[in-house]
Structure formats: structure tokens, C-alpha cells
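If you want the building blocks of each chain, they are given just below.
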Amino acid sequence: MEHTVGGANRFMEKSEREQHDHFLRLFMEHEEMLRLFVRSLLFNMEESREVMQEVAVVLWRKFDSSLDSDSFRRWAFGVARMEALAFRRDRARDRHLFGDDVAELLGCTIQDEANRLDHERNALETCVRKLRPDQRELLQSAYQPGAKLKDLAKTLGWTSMTLYKKLHRIRLQLMECAKRELAAEDYS
Amino acid sequence: MRQTRTRGRGLLVNDQHARLELIRRCLDGEATNEEIAQLEELLRADPEFRLEYLRYLNVDSVLAALPNKRESVAECRVHDAPQLPPYESRWPHFLGPAGWLTAAAMLLFSSVLTLQSIDREQNNTRSQRTRGIIAKPTAVKDTGVAVLTRTAGLQGAASTNWRIGETIPPGLMKWDSGLLQLEFYGGATVVAEGPAEIEILDESRVVCRAGRLRARVPEPARGFAVLAPNVELVDLGTDFGLDILDDGSVEVHVFDGAVELFAVESNRDLSTRVQLNAGDAVSVGRDGISKPVGSRNADFVSPSRLNRMSAFQQQQTHRDWRTFRDSLRDDPRVVAYFPFERNSSDDRVLTGYGSNGTVIEGAIVGCEWTQGRWSSKSSLQFKRPGDRVRLNVPGKFESMTYSTWVRVDGLDRMHSSLLLTDGFRENSPHWQIRRDGNLVLGVQHPGDNAINYQAKSVFNAFRLGQWTHLATVYDSERSLVTHYVNGEVAKKHRLKSFAGGLLEIGNATIGNWSEPEPHHAPGIRNLNGCMDELIVFNEALLGKEVRRIHEVGRP
């Protein structure tokens, strides 16, 4: 195998590309659950996105290709937790911060329940299609990237509270639906 | 239906609806800190609630992640479309399994590489330091129309906040006495003397309601206009004076070139036009009628005379500051004091004073000496990536106060160092400015746990190039970190947690970062600007003491 001296080669070497691929496979495998974990610590969607970007960067920077899927997952959850908490300390310092023990518990629960949560995600997509058209339209508008709920409420002639509650009810309905879907799967 | 174990605050824990509503409030950003604590307590105590919380979040994130919702929903309304593919394969179909990997790789690595080339941060995951600084550069809108360039003897309420080098937007300037010089973006230079009331309309028009002003209007600035109570003056490329007298009359003196006068509110009606040439002087009464008066050039302070006046005034302030400097040598709280006075016998040494009359020598690397806050005072310029001053400050402290006069010329780096201890050891603080203009005191706590106390947006484009006083007080007794900018509190923080021991500085660097630990791969943190005075106290200074340092050192 050829080596370039001085790192002047601007193309990746084969082994390096393999390492990228390996990393990406592992990262994609756990990305959704990591995202969920970060969100569970931060609440806010935009902030979670920002932190996840940082998590990806840190994971890649320190990636050890000898890790298997399980050890990668445990390591990645640790990194995500540190990043999320650091972010909270740095940026939202006036907000109550979850204790380390709770962050740890949430991380463990997600990892233990990853399969279930994953199945539920698939079921949820079926459930979304079962919603009434007006509910789906509301979700479309509310979950559009960059959507401002306050503005949306104004457009619809509702108070923000009304909008929040309506979305809340749809989410609860979806949770129930997903539970039924999974139960049905279990019987089949 | 299951029962939740009650624990802690005991509120709403048995009511499933109330618990879900609590989750919603937290996610929607409506919850109080107390409610978040309640949620935390429930998450801690009840595994089932934990799963419920995650399931709720799962719904939310699935909804947020559905691609092209508008199309797919519209489709299924009409055709009862087949199920959406599972989320793993939601990448564009044409890419195929290898394709999505490549697409993701490109996306991910473009961001990774960008970040790495900007800054290889310290080798831990505390990369919150990099966050917010990577924000895309946005164009800065210049709201200014003039720059305040010189002052002498300014008095009056608003004028205490005016700073040399400051960008002046349109608006009213009013002061009791003293002189100031404005250089308008259009090219005109105006020296105005108080008591004055001037409203700046734009880069070539001012309304003068009171005061005396002298304008130098070179060729490119022709057309500069002054609206006075009885007359509108339009410059034709010249040097003129305008004085509003107590009786309400307005005197116009032309020293060079020519100006034209119009009746006020005549919309420059040519029938009211009068041209004045070099040597002419008129007085325009309240009735708008003008009569010639004797020229009195000397009464109108010119830019060059103001320059001499302000130089004289600077010498006075510089002298007052020297008295202050000497008094600090006897202050037992001072653990390091660098007045940044050039040592002519060895200008590679930055002479400082430590506790108990000791001398601290800083080793100057690269930096060049330049003019300081006053033309008669020196400062050290930090410009190149290697520029720095190495020093050692012995001692351990429960509380500390940092104080410096800096002129920041640019925030080119992720971090610009004021005073950074080597590496980032526990209890050895980092005092620096982030690229987004935040002033930060960072303290490393045990367990690789860095806490940053920040004052946001201390610097922006309009504070660059101006002498600015910064002070940060770490007060362990009152459990506070306070940042001051120009003598005023910019931000107070409760201590997040106490440092793991006494604070110390030891080996440190001014205007840069020296990083001996090999596993750290730091980005350069060199300061772009000048420093003129740095003081470290081993106690928490009071607000009034910080204000005093600012007042006495103010250029």
C-alpha cells in the first residue's frame, strides 16, 4: 500500500475511506437514539440539532475503528451526554439542569428500550397516515422547519395555548395508536 | 391503569394527564424551573414514567423528521398511498444504500473538516467553547454616519459615555461644555463647542440648535449642510464657522472658500440665496435679516487647535494615572501589576510588580511597542500569531479580580487571549474573549469539568479599535462572578460550583495561549490588539473600585 509523505495528498487513502465508512455505519445505526437522548436532556429541538452536530464531530474526531457496535453505542451515549450537559451549562444556564444521575438513567433507558422505540417509530408513521386530514395539515404546518408556533396560532386565529394543546392531543393519540400497532404485531 | 409511586413534591404524580401535560410544558418551553425539577424527580423515581417521557419525545421527533410531509400527506389523501419506507431508507431513492452513505459522508465530513480547520479544540468533549462561534459570519450593518475622533474638556450628562473612536449614528448630541470633533463619513470634519445641541441627520447634514462649530469641508465633502434656527448653510468646499448666540442670532464666518446661505425652511429657494466668500462674516437675526460683522477666526477652534488642546488634556490625565499607578504599588491586594511602560534599557522585558514589593518580569515575545491610551504612554501590540508575553504569577487565591485596558482590533480567532494560564489546569482560570464578542472567565473544576462565566456580546464591530476597560471579579465569598465593561457591570453570575481548591495562575501568557500538554491541540488564541495595563488582585474588588480604575485610566 502506498503512503504519501507529509500528508500532502488531498485524496483520502483507502484505509482512511474505509474508516469513514465504518464510522458512518455505526453512527447511522445509533443516530436516531442518540438524537432522542440529546433531546430528552435539552427539550428544545433546535438546540438538540446543534448539539447533535457537535456530537458527530467529536465522535468522528476520536473514532476508534476497533469498536464494535455495542461499545460504539455506549461510548457515543457518553459523548452525547457530556455535550448536552456542557451545552446546557454554557448556553441555558438559567434553566434547571437535570442531575447526572437522571441523565444516566435516561441514557440507559433509551439503550435498553432502543428496539421498542425503534419499532414504535415505524408504527408511528402508519399512525400519522391514519390521522384526520385537518390533524395532518396542522402537523405539517407546525413541524415545518423553522415554523413559529406563535405565528401559526395567530394565523389560525387561536391562542398559543390552544395550538399547544391541540398538538399535544395529537401526539397522545399517536402514542396510543403506536401502542396498539405494536400489540397487533405481537399477536400476528 | 398503573399507579406511579409518589415521591418528593408529590404533586400530580398519580394523574397521568397531568404528567403528560408536565412533559408537554417542558418540551414547549413553558415550564418553570420548578416544574422542570418536578419532571426530573419523576424521571429519577419512576422507570415507567421515564419510558413514557421517551415515547412522547419519540412521537415528537418522528413528526419533526417526516420528509416531504406536504407531498406524502397530499398523496395519501387521494390515493391511499403505500406505507412510507422505514426511516432508515428515507434517504433519496436514487442514491441506493451506498449512495446514502456517500451523501451522508459528504454532509458530515464537510462540517467536520470545517470545524477542524477552524479550531482543534482541547482534547476533551467540552466543545461548548466552540459553539456559537462557528456561526456564519453575518454582514454588519453600519448605522453610523460619523466617527468621534477628539475631545477636550467634555462636560454634560450624555457625554460621559462618548468614547474616542466611537461610531456615531444619526441622532441628538447635547453637552454642557467642552469640545469634540466629528468626522463625517461624507468627508467633513466638524469641531463643536458646548454648550451645544446638535442633531445629526445623516453623513452630510446636521441641525445645530445651540453651540459653536467649525467645519472643514474638503472637495469630496462639498454640499455639507448645517441647518441653524434662522438659516440654512450649504458648503461649497471650505472652512467656515457657525455660532448661535444667546440672543438667538446666528453668525456665519467663512475662513476659506465659499458657502451659500438660504432662508430657513425655504427649501433652498434661490431667491433667498446669499453667497459668502473667504473673509466674510455675517450675523443672521431671528427675522432672517443678515448684516455684516467683524471676523473672529480665533474664537472658532480648528481641528489642529483641538488636537493641541486634547494633547494637553491627555498629559494631565496621564499624570493623574501615574499617581494611581504608584498607589497600586502599595496595595497589598495586587499580585501582579503591569503598567505596560516601555523599559528603554531592555524593551523585551515587560516590567510588572508583584505582592510585597517584588518585581515580576514578563518576557515579551514578538510584540511591538506602540502608542497607548495617551500619546505620551506606551502599550504593547499583539498582532502576529506568535506574539505574547510569558510570565509567572505565584500564589493561591480564594478570590480574584482581573482588570485590563485593551484595544481589540479584531476577533479573528475562536478565542482571543487576555490572560491564559498554561494548558487548562484545575483552578487555573482562563480570561479571554470569544469570537462572538463574549468576555469569558473559564475555570476548570475537578473531573475535567470546565465552567465558563460569560458576559455576552461585549465586543461588536463598533467597539473594535477603541480603548476598553475590562474587569472580571471572581468572588468566592459572595459566590459571584462579575464582569465589568468600562466600569459598568455587564454580567453577574452565581458561582456554578466552587473551584476544587484555591485559584492560581502560575505560568501564564498574556495575549496568547501556551499549551505544554501534548494531548492538547489548541487553535491559536492570539489577541489582535493592544494592551495598556493589566492588574490581578488576590481579592474581589468592589464595583466602585472597578469604576475608579476605569475613571482614572480613561483616555
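Residues numbered from 1 in each chain as written. Chains lettered and ligands numbered in written order. Predicted model: local features only at pLDDT ≥ 70, side-chain atom pairs only at ≥ 80, totals over all residues. Heavy atoms only, no water.

### Brief notes about the side chain of Asn526 of chain B
All names here are of chain B. Residue position: Asn526 is located in the loop between β29 (503-510) and β30 (528-537). Overall, Asn526 belongs to the buried group, its relative accessible area being 4%. In terms of polar contacts, Asn526 uses its side chain to reach the backbone carbonyl oxygen of Lys383, at 3.4 Å. Within the structure, the side chain of Asn526 is placed 2.7 Å from the side chain of Arg413, a separation counted as a polar contact. Excluding anything up to four places from it in sequence, Asn526 contacts Lys383, Arg384, Pro385, Arg413, His415, Ser416, Gly511 and Asn512. (Helix = DSSP H or I, 4+ residues; strand = E, 2+ residues; numbered from the N terminus. Buried < 20%, exposed > 50% of the residue type's maximum accessible area, 1.4 Å probe, protein only. Polar contact = N/O pair within 3.5 Å; in protein donor to acceptor, adjacent residues only side chain to side chain. Contact = heavy atoms within 4.5 Å.)

### Notes on the state of the cysteines
The bond known as a disulfide is covalent and runs between the sulfur atoms of two cysteines. Taken as a whole and assessed by the stated rule, the structure comprises one disulfide over all chains. One disulfide bridge connects Cys127 of chain A with Cys177 of chain A, the sulfur atoms lying 2.0 Å from each other. Its S-S torsion of about -85° marks the bond between Cys127 of chain A and Cys177 of chain A as left-handed, since a negative value means left-handed. On the criterion of sequence distance, the pair formed by Cys127 of chain A in helix α5 (residues 114-130) and Cys177 of chain A in helix α8 (residues 160-187) is long-range, its members being 50 residues apart. The two residues Cys127 of chain A and Cys177 of chain A agree in class, both being buried. In this structure Cys367 of chain B is a free cysteine whose sulfur lies 9.7 Å from that of Cys530 of chain B, the closest cysteine sulfur available. In this structure Cys367 of chain B comes out as buried when scored by relative accessible area, which is 1%. (Disulfide = S-S within 2.5 Å.)

### Looking at the confidence of the model for chain A
If pLDDT is low for a region, its predicted coordinates should not be looked at in detail. Residues and elements named next belong to chain A. This prediction gives chain A a mean pLDDT of 83; 88% of its residues lie at or above 70. Across chain A, the element-wise mean pLDDT spans from 84 in helix α1 (residues 14-42) up to 92 in helix α4 (residues 100-112). Low confidence marks residues 1-12, where pLDDT is under 50. Its contacts with residues over four positions away, or in another chain, come to nine contacts. (pLDDT = per-residue confidence, 0-100.)

### Focus on the packing of helix α2 (residues 33-45) of chain B against helix α3 (residues 47-65) of chain B
All names here are of chain B. Running from N to C, α2 and α3 cross one another at 120°; their axes reach a closest spacing of 5 Å. Considering their axes alone, α2 and α3 lie oblique with respect to each other. On α3, the residues that touch Leu39, Leu42, Leu43, Arg44 and Ala45 of α2 are Pro47, Phe49, Arg50 and Tyr53. Of the residues in the contact of α2 with α3, the class split is seven nonpolar, no polar and two charged. (Axes fitted to C-alpha atoms, helices over the stretch in contact; angles between N-to-C directions. Parallel < 35°, antiparallel > 145°, perpendicular 65-115°, else oblique. Nonpolar A, V, L, I, M, F, W, Y, C, P; charged D, E, K, R; others polar.)

### Looking at the nonpolar core
Among the nonpolar cores identified, the biggest contains 76 residues, and Phe98 of chain A together with Leu39 and Tyr53 of chain B are the most heavily contacted of them. Examining the composition of this core, we find that twelve residues originate from one element, α1 of chain A, more than from any other. Once residues lying within four places of it in the same chain are set aside, the contact partners of Leu39 of chain B are Phe43 and Phe98 of chain A together with Leu22, Ile23, Cys26, Phe49 and Tyr53 of chain B. Of all hydrophobic cores here, the second largest spans 45 residues; its members include Phe382, Ile451, Leu495 and Ala508 of chain B. (Core = buried A, V, L, I, M, F, W, Y, C linked by side-chain atoms within 4.5 Å.)

### Some points on the environment of Gly187 of chain B
Residue and element names in this part refer to chain B. Mapped onto the elements of the fold, Gly187 is located in the loop between β4 (177-184) and β5 (189-202). Considering only alpha carbons, one finds Gly187 and Arg222, 35 residues apart in sequence, at a separation of 8.5 Å. What Gly187 contacts, discounting residues up to four positions off in sequence, is Arg216, Pro218 and Ala221.

### Brief notes about the pattern of salt bridges
Residues and elements named next belong to chain B. Going through the model one piece at a time under the given rule, you end up with 48 salt bridges over all chains. Across the pair Arg268 and Glu232 runs a salt bridge, and its minimum N-O distance is 2.8 Å. Within this pair, whereas Arg268 is found in the loop between β11 (258-263) and β12 (274-277), its partner Glu232 is found in strand β8 (residues 231-235), the two being separated by 36 residues in sequence. (Salt bridge = Lys/Arg side-chain N within 4 Å of Asp/Glu carboxyl O.)

### A word on the packing of α4 of chain A against α3 of chain B
To characterise two packed helices, one gives the angle between the axes of the helices and the distance between these axes. For the pair α4 of chain A and α3 of chain B, interaxial distance at closest approach is 10 Å and the crossing angle is 70°. Relative to α3 of chain B, the element α4 of chain A lies roughly perpendicular. Contact residues: α4 of chain A offers Leu105, Leu106, Thr109 and Ile110 of chain A, while α3 of chain B offers Arg50, Tyr53 and Leu54 of chain B. In terms of residue class, the contact of α4 of chain A with α3 of chain B is made up of five nonpolar, one polar and one charged.

### Remarks on the environment of Val147 of chain B
Residue and element names in this part refer to chain B. Looking at where Val147 falls in the secondary structure, it is placed in strand β1 (residues 146-155). The spacing of Val147 and Gly165 is 18 residues in sequence and 6.1 Å in space, taken between C-alpha atoms. Beyond its immediate sequence surroundings of up to four residues, Val147 is in contact with Gly165, Glu166, Ile168, Gln181, Leu182, Glu183 and Tyr185.

### Here we look at unusual backbone geometry
Among all residues except glycine, the phi angle is most often negative; among peptide bonds, the trans geometry is most common. All names here are of chain B. Residue Pro195 is reached from Gly194 by a cis peptide bond, and omega for that bond is 5°. When you line up the elements, Pro195 lands in strand β5. Positive phi outside glycine occurs at Ser457, with the angle close to 45°. Summarising the element assignment, Ser457 is placed in the loop between β25 (449-455) and β26 (467-475). Unlike most non-glycine residues, Ser479 shows phi in positive territory, near 60°. Position of Ser479 among the secondary structure elements: in the loop between β26 and β27 (480-485). A residue is classified by how much of its surface remains accessible, and Ser479, at 16% relative accessible area, is buried.

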